[in-house]
Amino acid sequence: MTARPPLSKGEMEVARAVWQLGEATVGQVHQALPNDRGMQYATVQTYLRRLEAKGYVRTRRDGRNKIYRAKVDPSQVIQETVDDLTARLFGGETLPLMLHLIEAGGITPEETTALRKALDTLEAEQSTDD
């Protein structure tokens with residue numbers, strides 16, 4: 001686990017836009033965000049500066065523009081965020097989190113099938129490890 005500070009909701013939203021775009025200026029990130037969000041250009045700029053300070057994005061200059069690019073892979077951020085949530089809410093135990101998501105999440109039949117397949121795969125891998 002890294003010492004990188006966790007992301008706020010707004011920072012995460014802006015980071016997702018950067019991941020989706022690959023690299024972008026403040027204006028491009030601003031345009032990529034949902035219109036109904038109503039996030040101001042200056043707010044996007046602030047979030048991008050915070051993301052850079054926290055080590056989630058890096059920048060390069062292209063004339064007068066700063067170009068932002070992800071420094072951390074989205075899957076790593078997801079893992080860190082879930083680990084943090086699990087530690088804070090469930091004392092690091094994953095089963096209570098999974099049960100909560102299943103019971104409260106309204107899982108569809110397709111999602112139930114996918115979950116069963118994932119559990120079967122995990123069980124098969126664990127039995128070969130023994």
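Being a predicted model, the structure only gives us computed values, none of them experimental. (Residues numbered from 1 in each chain as written. Predicted model: local features only at pLDDT ≥ 70, side-chain atom pairs only at ≥ 80, totals over all residues. Heavy atoms only, no water.)

## Some remarks on the sheet that holds strand β3 (residues 65-70)
The following threshold applies: The criterion for strand pairing is that DSSP finds at least two bridges linking the strands in question. Helix and strand labels come from DSSP, where a helix needs a run of H or I of at least four residues and a strand needs a run of E of at least two; each type is numbered from the N terminus. Whether two residues touch is decided by their heavy atoms; if any such pair falls within 4.5 Å, the residues are in contact. Lines are fitted to the C-alpha atoms to define the axes, a helix being fitted only along its stretch in contact, and any angle between axes, read from their N-to-C directions, falls within 0 to 180 degrees.
Read from one edge to the other, the open sheet built from 3 strands follows the order β1-β3-β2, with strand pairing classed as antiparallel. Since the sheet does not close on itself, it has two edges, and those belong to β1 (23-24) and β2 (57-62), each with one partner. The strands that helix α3 (residues 41-53) touches are β2 and β3; relative to β2, the one it contacts most, it runs at about 115°.

## Points about the side chain of Thr25
We apply this condition: Exposed residues in this analysis have more than 50% of their type's maximum accessible area, buried residues have under 20%, and partly exposed residues fall in between, with area computed by a 1.4 Å probe over protein chains only.
Tracing the backbone through its elements, the reader meets Thr25 in the loop between β1 and α2 (26-32). Judged by relative accessible area, Thr25 falls into the buried class, the value being 16%. With residues near it in sequence (within four places) discarded, Thr25 still touches Asn65, Lys66 and Ile67.

## Section: the nonpolar core
Counted only if it meets this: The set of buried Ala, Val, Leu, Ile, Met, Phe, Trp, Tyr and Cys residues whose side-chain atoms join them within 4.5 Å is what this entry labels a nonpolar core.
Residues Leu7, Val14, Val29, Val44, Leu48 and Leu51 are the most contacted members of the largest nonpolar core, which totals 20 residues. Taken together, the elements giving at least two residues each to this core come down to α1 (9-21), α2 and α3. Counting residues per element, this core draws most heavily on α1, at 5 residues. With residues near it in sequence (within four places) discarded, Leu48 still touches Val14, Val18, Val26, Val29, Val57 and Tyr68.

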